[in-house]
Amino acid sequence: MEKMPYREALDMRVSPAFDESVVSTDWRSGLPALAGQMVALRDLRASDAASLFALLTTEEVSRFISPPPTTVEGFEKFIAWAHRQRQAGQYLCFAVTLKGFDTAIGIFQVRDLSSGLDTAEWGFAIGSPFWGTGVFEEAAHMVIKFAFDTLGVRRLEARAAVQNGRGHGALIKIGAVQEAVLRKSFAKNGRYLDQVLFTILERDWREAGGPLKEVRRAHIH
Ligand SMILES: CC(C)(COP(=O)(O)OP(=O)(O)OC[C@H]1O[C@@H](n2cnc3c(N)ncnc32)[C@H](O)[C@@H]1OP(=O)(O)O)[C@@H](O)C(=O)NCCC(=O)NCCS
């Protein structure tokens, strides 16, 4: 999801206080905390704004995604917006932390494309100090499982700018299949970029009995 649905400039609302203690089996009321070997996923908290601002606004992270909020306060508004969208059942965003630590080092977003989550789009960004460490791969498999088992997603789409070689490598490595090129579908810095549409089908994931394997990879410069 290189086009983050949140737009800071459009969010004029003052958010009510959010009860951060809520954990429920109904994801609309609060995302569950999920633990892997190295990584943990949990709902975003207002207090994640500072670390997400520091890690996700760098040039290398934001190069191929929609501009993230430009201030810590902007991230606080984004987090409040994410909670409202979750409560409405339209979108959710996990914070990624290292297991045993509470600092948010990245996010995984999932949004409904079909009124009922039959088809959903996901997107992710991890602070660059954690690239190539396995954090992405483990978190991605946890989010895929959550999407298929808990959200009831059947088709999980991702869009990655053709120039985003690392994004492509990451998606291919977790078994996403390249379906199409969406020509001039993403506006970035005054230019329209082509995007590759990658998908993971619940059917394939269930047939594989868990994490899918890489299909194939071409190096992109
Ligand atoms: C996308 C992202 C979350 C992936 O996390 P990561 O830790 O960098 O991913 P990994 O290192 O586990 O996997 C990337 C793979 O792509 C490979 N790769 C790197 N550059 C590549 C290129 N130009 N072409 C093809 N593959 C490439 C890496 O070697 C790695 O594969 P390997 O582990 O088999 O060596 C992270 O890079 C990120 O936050 N990027 C910025 C935000 C973004 O672009 N989001 C994607 C939107 S679709």
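Keep in mind that this is a model prediction, so the values were computed, not measured.

## Let's talk about the overall build of the protein chain
So, point 1. The number of helices and strands found in the protein chain is six helices and eight strands.
So, point 2. For the protein chain, the sequential pattern of α-helices and β-strands runs β-β-α-α-α-β-β-β-α-β-α-β-β-α.
So, point 3. Looking at the protein chain residue by residue over its 221 residues, the buried ones come to 49%.
So, point 4. Partitioning the contacts of the protein chain with sequence separation of at least 6, the portion at a separation of at least 24 is 68%.
So, point 5. Counting every atom, the protein chain has about 10,900 Å² of accessible surface; 53% of that belongs to carbon and sulfur.

## Details of helix α3 (residues 72–87)
So, point 1. Between its first and last C-alpha atoms α3 spans 23 Å; for 16 residues at 1.5 Å apiece the expected length is 22 Å, and the two agree.
So, point 2. Listing the buried residues of α3 in full gives G74, F75, F78, I79, A80, W81, A82, H83, R84, Q85 and R86.
So, point 3. Summarising the contacts, the buried residues of α3 are in contact with β2 (39–43), α1 (49–56), β3 (91–98) and β4 (106–112).
So, point 4. Where α3 terminates, the next one or two residues include G89, which has phi positive at roughly 75°.

## Looking at the packing of aromatic side chains
Aromatic ring pairs: the centre-centre distance and the angle between the two ring planes describe each pair.
So, point 1. If you walk through the whole model with that rule in mind, you get 11 aromatic pairs.
So, point 2. Seen from their ring centres, F75 and F78 are 6.3 Å apart, and the 90° between their planes marks the pair as edge-to-face. A residue pair is termed a helical-turn pair when its members lie 3 or 4 positions apart in one helix, as F75 and F78 do in helix α3 at three residues. Residues F75 and F78 agree in their burial class; the two are buried.
So, point 3. Through a chain of ring-to-ring contacts, three or more aromatic side chains come together here, namely F53, F75, F78, W81 and Y91.

## A few points about the confidence of the model for the protein chain
So, point 1. Per-residue confidence for the protein chain gives a mean pLDDT of 90; residues scoring 70 or more make up 86%.
So, point 2. Low confidence marks residues 14–24, where pLDDT is under 50. Its contacts with residues over four positions away, or in another chain, come to 13 contacts.

## What to know about the nonpolar core
It is characteristic of soluble globular proteins that their nonpolar side chains tend to be buried jointly.
So, point 1. Counting 58 residues, the largest nonpolar core has F78, F108 and W122 as the members making the most contacts within it.
So, point 2. Ranked by residue count, the leading element in this core is helix α4 (residues 135–151), at 11 residues.
So, point 3. In contact with F108, not counting residues within four places along its chain, are L92, C93, F94, V96, W122, G123, F124, I126, F136, A139, A140 and V143.

## Digging into the pairing of β3
So, point 1. Along β3, seven of the eight residues are buried, which leaves the element largely enclosed by surrounding structure.
So, point 2. Relative to β3, β2 is paired through five bridges, and the arrangement is antiparallel. Counterpart to V39 in the pairing with β3 is L98.
So, point 3. Across six bridges, the pairing between β3 and β4 is antiparallel.

## Overview of the packing of α1 against α3
So, point 1. Two elements in contact, α1 and α3, have axes separated by 8 Å at closest approach and are oriented at 115°. When the interaxial angle is binned, α1 and α3 end up roughly perpendicular. The interaxial crossing formed by α1 with α3 has right-handed handedness. Here A49, A50, L52, F53 and L56 of α1 lie close against α3, whose contacting residues are V72, F75, E76 and I79.
So, point 2. Of the residues contributing to the contact of α1 with α3, the split by class is eight nonpolar, no polar and one charged.

Conventions we followed
- Residues numbered from 1 in each chain as written.
- Predicted model: local features only at pLDDT ≥ 70, side-chain atom pairs only at ≥ 80, totals over all residues.
- Heavy atoms only, no water.
- Helix = DSSP H or I, 4+ residues; strand = E, 2+ residues; numbered from the N terminus.
- Buried < 20%, exposed > 50% of the residue type's maximum accessible area, 1.4 Å probe, protein only.
- Contact = heavy atoms within 4.5 Å.
- Areas by Shrake-Rupley, 256 points an atom, 1.4 Å probe, with all protein chains shown as cover.
- Expected span 1.5 Å × (residues − 1).
- Phe/Tyr/Trp six-rings, centres within 6.5 Å; stacked < 30°, edge-to-face > 60°.
- pLDDT = per-residue confidence, 0-100.
- Core = buried A, V, L, I, M, F, W, Y, C linked by side-chain atoms within 4.5 Å.
- Pairing = 2+ DSSP bridges.
- Axes fitted to C-alpha atoms, helices over the stretch in contact; angles between N-to-C directions.
- Parallel < 35°, antiparallel > 145°, perpendicular 65-115°, else oblique.
- Left-handed = near helix turned anticlockwise from the far one by under 90°.
- Nonpolar A, V, L, I, M, F, W, Y, C, P; charged D, E, K, R; others polar.

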